[in-house]
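# Close look at the chain arrangement
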Amino acid sequence: MEGVLNPVVDARAKRRGASALSVVAFTDDPALGDSLGRLADGESIPWVEVAPGGLAGALGETQVTADVALIDVSELAEREAVEGIRALATRTRSALIAVGRDNDVGLYRALIAAGARDYLVSPLDERVLADALNPTAEPPPSARPGPAEARAARVNLMIGARGGVGASALAVDAAWWAAEKLGVETGLIDLDVHFGSCALALDLMPGRGLRDALESPERIDSLFVGSAMMNVGDKLFVLAAEEDPEQPVFPSPDAPARLIEALGESFPCLIVDLPRTLAGLYPEVLARADSVTLVSDLTLAGLRDALRLKQLCEKRCEGASLAIALHEAPAGKPAVTVKEFEKGYGDAVDWMIPHQPKPAAEAAAAGKPIVSLMRAGHPAAKAVASIAERCVDPAGLPTKKKRAWLW
């Protein structure tokens, strides 16, 4: 590795052979490099290499192969640090330890969730540093897996290519079907805090819970989220808001991701109605997605924006399955045919949802999901059922899971 500031190779480590612990630190802080050198000299750690560049230096390496990688994130904003650690965690099997100046429990939790083993606040006591580098040390409580895997909750994003194409209605229908027909406890989150329509579609009166969670993410835990959610039956729970348009909301950048993680402790299936204008602002939410359903209409603007969102999701939603649903035009010839749409979009359309004005009107009047008023064999109900089945993973879920916020 080039550009090493203070490499120390301990002869005692050589005698121990290849099984000795190896540590690489990416930092421009000479004091941290000196501390690591003293620990190596004193046999607290057998081998250490110090390279410049911090997180950027680590990401610039073709491969990080040390047992432990110490990453300096002191010069980075929280979002950059979290995104970088998450990206690095997918590329290396090294235990990642972040080092920064901010003594912030929110940052600590976000870094742990992103894949870090620990987060240390500088200046560092050398004994604390030595303990943190010990590969046999117990991981932080928030990093330990629970009875289920850490990512047991399946997160599904519903994004409309344009306003009014029916993405929110489809999110409500899919969530209702997953809860009522598939029997899976489902959380539905509407992230449009001013003009969201999920609560309205279900005749619910939202409170301030969503706003408080987004503006004060340090308050987010399973108990807080549980008190803010509204239930529809025994298995469907909704988190939504209808804030005054004259009252701006200033969410913390990482708040939606924290909210999703908190809900994931209680629900095996999460469906998030994500406004297209927010999709690019919350990369951590996109990165957490297991599936993304884009919703569009048969218009040129719908095609253009669906393609742009597809390109965004392909870049940010690594490992997530991506699909698209189209709502048929109300009447007459559509501006863009399905064949033309598929050619411009570069992929096949997964679901065509027929126009259903009568069930939609009845559902709006009753405050119920549209699909709940359809016969099971209706083409639109079949499409919703397919989308809902894609949102859940019954084989990988426990048969019974008590919500963490019930006692």
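Throughout this description, residue numbers start from 1 for each chain and increase along the sequence as written. Predicted model: local features are reported for residues with pLDDT of at least 70 only, side-chain atom pairs are reported and counted for 80 or more only, and whole-chain, interface and lining totals are derived from all residues. To obtain the side-chain values, all non-hydrogen atoms of the structure were used and water was disregarded.

All right, on to the side chain of Lys-310 then. Along the chain, Lys-310 falls in helix α14 (residues 300-316). The buried charged residue Lys-310 lacks any salt bridge partner; its closest oppositely charged side chain belongs to Glu-314, at an N-O distance of 4.1 Å. Polar contacts involving the side chain of Lys-310 include one to the main-chain carbonyl oxygen of Tyr-345, which spans 2.9 Å. Here a residue-residue contact requires only that any non-hydrogen atoms of the pair lie within 4.5 Å. Apart from residues no more than four positions distant in its own chain, Lys-310 is found in contact with Leu-294, Leu-322, Tyr-345, Gly-346 and Asp-347. Put simply, DSSP H or I for four residues or longer makes a helix, DSSP E for two residues or longer makes a strand, and each gets a number counted from the N terminus. Each residue is assigned to one of three classes by its accessible area relative to the maximum for its type, calculated with a 1.4 Å probe on protein chains only: buried under 20%, partly exposed between the two thresholds, exposed over 50%. Note that His is not counted, nor are the chain ends; the positive residues are Lys and Arg, and the negative ones are Asp and Glu. When a carboxyl oxygen of Asp or Glu is within 4 Å of a side-chain nitrogen of Lys or Arg, the pair counts as a salt bridge. Here a polar contact is recorded for every N or O atom pair within 3.5 Å, except that within protein the pair must consist of a potential hydrogen donor and a potential acceptor, and residues adjacent in sequence are included only if both atoms are side-chain atoms.

The definition of a nonpolar core used throughout is a set of buried Ala, Val, Leu, Ile, Met, Phe, Trp, Tyr and Cys residues joined through side-chain atoms within 4.5 Å. Residues Leu-157, Ile-159, Leu-259, Leu-274 and Phe-341 are the most contacted members of the largest nonpolar core, which totals 48 residues. Leu-204, Cys-269, Met-374 and Ala-388 belong to the second-largest nonpolar core, a separate cluster that totals 43 residues.

The next thing to look at is helix α6 (residues 126-133). Within α6 the residues assigned to the buried category are Leu-129, Ala-130, Ala-132 and Leu-133. Projection of α6 onto a plane perpendicular to its axis shows the buried side chains occupying an angular sector of 160°, all on one side. The arc refers to the directions leading from the helix axis to the C-beta atoms.

A separate point is the environment of Ala-179. Inspection of the secondary structure assignment puts Ala-179 in helix α7 (residues 167-180). Taking the C-alpha atoms as reference, Ala-179 lies 9.8 Å from Val-392; in sequence the two are 213 residues apart. The residues contacting Ala-179, other than those within four sequence positions of it, are Val-184, Thr-186, Lys-235 and Leu-236.

Turning next to the environment of Leu-294. Here Leu-294 is to be found in strand β12 (residues 291-297). For Leu-294, a relative accessible area of 1% translates into the label buried. Linking Leu-294 and Ala-306, residues 12 residues apart in sequence, is a C-alpha distance of 6.9 Å. When near neighbours in sequence (up to four residues on either side) are disregarded, Leu-294 contacts Ile-159, Ala-306, Leu-309, Lys-310, Cys-313, Leu-322, Ala-323, Ile-324, Ala-325 and Tyr-345.

Turning our attention to the packing of α7 against helix α17 (residues 379-391). Packed helix pairs are specified by the crossing angle of their axes together with the interaxial distance, meaning the distance between the axes. For helices, the fitted axis covers only the stretch in contact; all axes are lines through C-alpha atoms, and the angles between them, taken along N-to-C directions, range from 0 to 180 degrees. Running from N to C, α7 and α17 point in directions that differ by 70°, and their axes come no closer than 8 Å. What the angle tells us is that α7 and α17 run roughly perpendicular. From α7, Leu-170, Asp-173, Ala-174, Trp-177 and Ala-178 reach across to α17, where they touch Ala-381, Val-384, Ala-385, Ile-387 and Ala-388. Any angle that is under 35 degrees is reported as roughly parallel, and any over 145 degrees as roughly antiparallel; angles of 65 to 115 degrees are reported as roughly perpendicular and all others as oblique.

Moving on: the sheet that holds β12. Overall, mixed pairing links the eight strands, which are arranged β9-β10-β8-β11-β7-β12-β13-β14 in an open sheet. Looking at the sheet topology across the chains shown, the edges are occupied by β9 (230-232) and β14 (351-353). Taking each pair of neighbouring strands and ignoring which way they run, the sheet shows an average axis angle of 25°. Any two strands with at least two DSSP-identified bridges between them are counted as paired. As paired elements, strand β13 (residues 321-327) and β14 share three bridges and run parallel to each other.

Here we take up the pairing of strand β4 (residues 68-72). Burial analysis of β4 places five of its five residues in the buried class, the great majority of the element. Here β4 shows no split at all, with Val-68, Leu-70 and Asp-72 on one side and Ala-69 and Ile-71 on the other all buried. Bridge count between strand β2 (residues 22-26) and β4: four bridges; the pairing is parallel. By the bridge assignment, Val-24 is partnered in β4 with Ala-69.

Let us look at the pairing of strand β6 (residues 118-121). Bridging between strand β5 (residues 95-100) and β6 involves four bridges; their strand directions are parallel. Bridge assignment links Ala-98 to a residue of β6, and that residue is Tyr-119. Classification remark: right-handed applies to a crossover when, strands pointing away from the viewer, the course from the first strand over the helix to the second runs clockwise. Handedness of the β5-helix α5 (residues 105-114)-β6 crossover: right-handed.

Counting all residues, the mean pLDDT for the chain is 81, and 84% of those residues have values of 70 or more. Of all helices and strands in the chain, the one with the weakest mean pLDDT is strand β1 (residues 8-9) (33), whereas β12 scores best (96). The predictor rates its confidence in each residue with pLDDT, a number between 0 and 100. Between residues 141-151, whose pLDDT stays under 50, and residues either more than four places distant or in other chains, the model counts seven contacts. Note on residues 396-407: pLDDT under 50 across the span, and 22 contacts to partners over four residues away in sequence or across chains.

The backbone of Asp-203 sits at a positive phi, close to 60°, despite the residue not being glycine. Looking at where Asp-203 falls in the secondary structure, it is placed in the loop between α8 (198-201) and α9 (209-215).

What follows covers the pattern of salt bridges. In total, this model carries 12 salt bridges according to the counting rule given. Two residues, Glu-215 and Arg-211, come together in a salt bridge whose shortest N-O distance is 3.3 Å. Taken as a pair, Glu-215 and Arg-211 lie in helix α9 at a separation of four residues, close to a single helical turn. Relative accessible area serves as the criterion here: at 10%, Arg-211 is assigned to the buried category. For Arg-288, the salt bridge is made with Asp-290, and the minimal N-O distance between the two is 3.3 Å.

A separate point is the packing of aromatic side chains. Each aromatic ring pair is specified by the distance between its two centres and by the angle formed by the two planes. Working definition: rings of Phe, Tyr and Trp (its six-membered ring) pair if their centres are within 6.5 Å, and the pair is stacked with planes under 30 degrees apart, edge-to-face with planes over 60 apart, and tilted otherwise. Taken as a whole and assessed by the stated rule, the structure comprises three aromatic pairs. Between Trp-176 and Trp-177, the ring centres sit 6.4 Å apart and the planes meet at 65°, which makes this aromatic pair edge-to-face. Under the relative-accessibility criterion, Trp-176 is labelled buried at 15%. Since its relative accessible area comes to 11%, Trp-177 is described here as buried. The criterion for a charge sitting over a ring is simple: Lys NZ or Arg CZ within 6 Å of the ring centre, and within 35 degrees of the ring normal. The lysine or arginine in question, Lys-181, covers the ring of Trp-177, its NZ or CZ lying 5.7 Å from the ring centre. Taking the ring centre of Tyr-345 as reference, the NZ or CZ of Lys-310 above it sits at 4.6 Å.

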